[in-house]
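Listed below are the residues making up each chain.
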Amino acid sequence: IGTIGVLTSGGDAPGMNAAIRAVVRTALSKGLKVKGIMHGYAGLLNEEFIDMGMRSVSEIIQRGGTVLYTARCLEFKEMAGVIKAHEICEKNGIDGLVVIGGDGSFRGAQDLSNVGTPCIGIPGTIDNDIACSEYTIGYDTAMNTVVEMVDKLRDTANSHSRCSVVEVMGRRAGHIALNTGIACGAAVILVPEQDFDPERDLLARIRYAQECGKHHFIVMVAEGVGKAEEIAQIIRDNTGIDTRKTVLGHVQRGGSPTLRDRVVATQMGYHAVELLTQNIGNRVVAMKNGEIVDYEINEALSMKKGIETKLLEIAHCISI
Ligand code: F6P
């Protein structure tokens with residue numbers, strides 16, 4: 001293997017730049033050449049390549065977003081697009097590819113590996129919803145952003161004896177909501193992995209907290225459960241508590257990555273290049289019991305990941 005490509009795909013996540021940097025520096029130190037591919041798979045199909053040297057990735061480890069930009073690409077979902085991408089790789093001497101992104105990006109990496117360009121996926125998403133890995137790049141930074149924001153909401157909810165309903169991201173997963181709900185002392189945490197009964201899971205808990213002397217409340221809602229405004233309305237209609245909603249939105253995707261995201265991204269980037277240098281493709285890098293491992297993409301995509309049930313139990317016990 002002589003030259004590798006690196007791209008970021010799907011939603012961006014803080015720490016993607018640290019992963020790009022690790023891929024580039026590891027590859028160069030092993031005598032490989034690196035092409036940065038702009039705008040994800042779309043940029044691959046448009047041949048948007050830049051040659052990466054040691055200094056091309058200077059000053060990016062601390063930056064959020066992705067210096068290679070990212071995009072969602074419909075053409076790449078079709079087999080014709082995948083074959084075209086493979087031909088472009090061959091024409092440009094790209095012998096292997098590192099794809100930093102989520103599940104959707106790995107499906108593309110699998111297809112491209114199958115037609116002859118070995119690809120390695122690195123899990124980059126704030127949602128932590130990649131089944132094969134206990135950790136995804138961006139997760140820690142996003143959660144720390146949520147905690148910082150909700151601490152501010154708490155001050156004003158407290159002053160006004162209000163209820164603050166906070167909607168956080170996570171797509172169909174509740175990992176961000178559960179962990180930040182615990183960290184922010186939420187009275188109620190709603191995650192999509194559990195059935196939601198408004199009386200049992202929301203109103204009864206708020207009433208009980210009121211009986212225990214609480215006069216302000218944080219309700220943490222994962223976006224996969226529903227809209228914050230609908231939850232807020234249920235609370236207003238049934239308790240009379242002055243309730244406001246906040247949808248944190250894309251602020252959760254930005255900002256300087258935390259130490260954890262920088263270190264994990266670096267470990268994963270290094271591991272991805274090690275695989276490619278051994279001519280191994282069609283794998284996803286993952287974390288298992290704190291160690292960096294890898295799985296065949298097909299196997300990775302068929303795996304399932306649940307919510308941390310013990311954490312839910314703890315949250316239920318102490319969130320009053
Ligand atoms: O996957 C990351 C994520 O931020 C999800 O939490 C959210 O549901 C989605 O992406 C938002 O996507 P978009 O950036 O297209 O609005």
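A few points on the structure. Here the structure is a predicted model, which means the values were calculated and not measured.

**A closer look at the packing of aromatic side chains**
Moving on, step 1. The final tally for this structure, using the stated rule, is 2 aromatic pairs.
Moving on, step 2. On the basis of an interplanar angle of 5° and a centroid distance of 3.9 Å, the ring pair of tyrosine 41 and phenylalanine 76 is categorised as stacked. Linking tyrosine 41 in helix 2 (residues 40–45) with phenylalanine 76 in the loop between strand 3 (49–52) and helix 3 (79–91), this pair joins segments that are 35 residues apart in sequence.
Moving on, step 3. The lysine or arginine in question, arginine 260, covers the ring of tyrosine 135, its NZ or CZ lying 4.2 Å from the ring centre.

**Overview of the pattern of salt bridges**
Moving on, step 1. Summed over the entire model, instances satisfying the criterion amount to 13 salt bridges.
Moving on, step 2. Lysine 35 is the partner of aspartate 51 in a salt bridge, and the nearest nitrogen-oxygen pair spans 3.1 Å. Placement of aspartate 51 in strand 3 and of lysine 35 in strand 2 (residues 33–37) is noted, with a sequence separation of 16 residues between them.
Moving on, step 3. Classification of lysine 35 as buried rests on a relative accessible area of 18%.
Moving on, step 4. Here glutamate 75 ties to lysine 84 by a salt bridge, and the two come within 3.5 Å at their closest N and O atoms.
Moving on, step 5. Using a relative accessible area of 34% as the deciding quantity, one classes lysine 84 as partly exposed.
Moving on, step 6. Salt bridges linked by common partners bring Arg162, Asp242 and Arg244 together as one network.

Parameters and conventions
- For every chain, the first residue of the written sequence is number 1, and numbering continues from 1 along that sequence.
- Predicted model: local features are reported for residues with pLDDT of at least 70 only, side-chain atom pairs are reported and counted for 80 or more only, and whole-chain, interface and lining totals are derived from all residues.
- Side-chain metrics rest on all non-hydrogen atoms present in the structure, leaving aside hydrogens and water.
- Pairing of aromatic rings covers Phe, Tyr and Trp, the last counted by its six-membered ring, and requires centre-to-centre distances within 6.5 Å; plane angles under 30 degrees mean stacked, over 60 mean edge-to-face, and any other angle means tilted.
- Helix and strand definitions follow DSSP, with helices as H or I runs of at least four residues and strands as E runs of at least two, each counted in order from the N terminus.
- Charge-over-ring contacts are defined here by two conditions on Lys NZ or Arg CZ: a distance within 6 Å of the ring centre and an angle within 35 degrees of the ring normal.
- The rule for a salt bridge is simple: a side-chain nitrogen of Lys or Arg has to be within 4 Å of a carboxyl oxygen of Asp or Glu.
- Think of it in three bands: residues with accessible area under 20% of the maximum for their type are buried, residues over 50% are exposed, and the middle band is partly exposed, with areas taken using a 1.4 Å probe on protein chains only.

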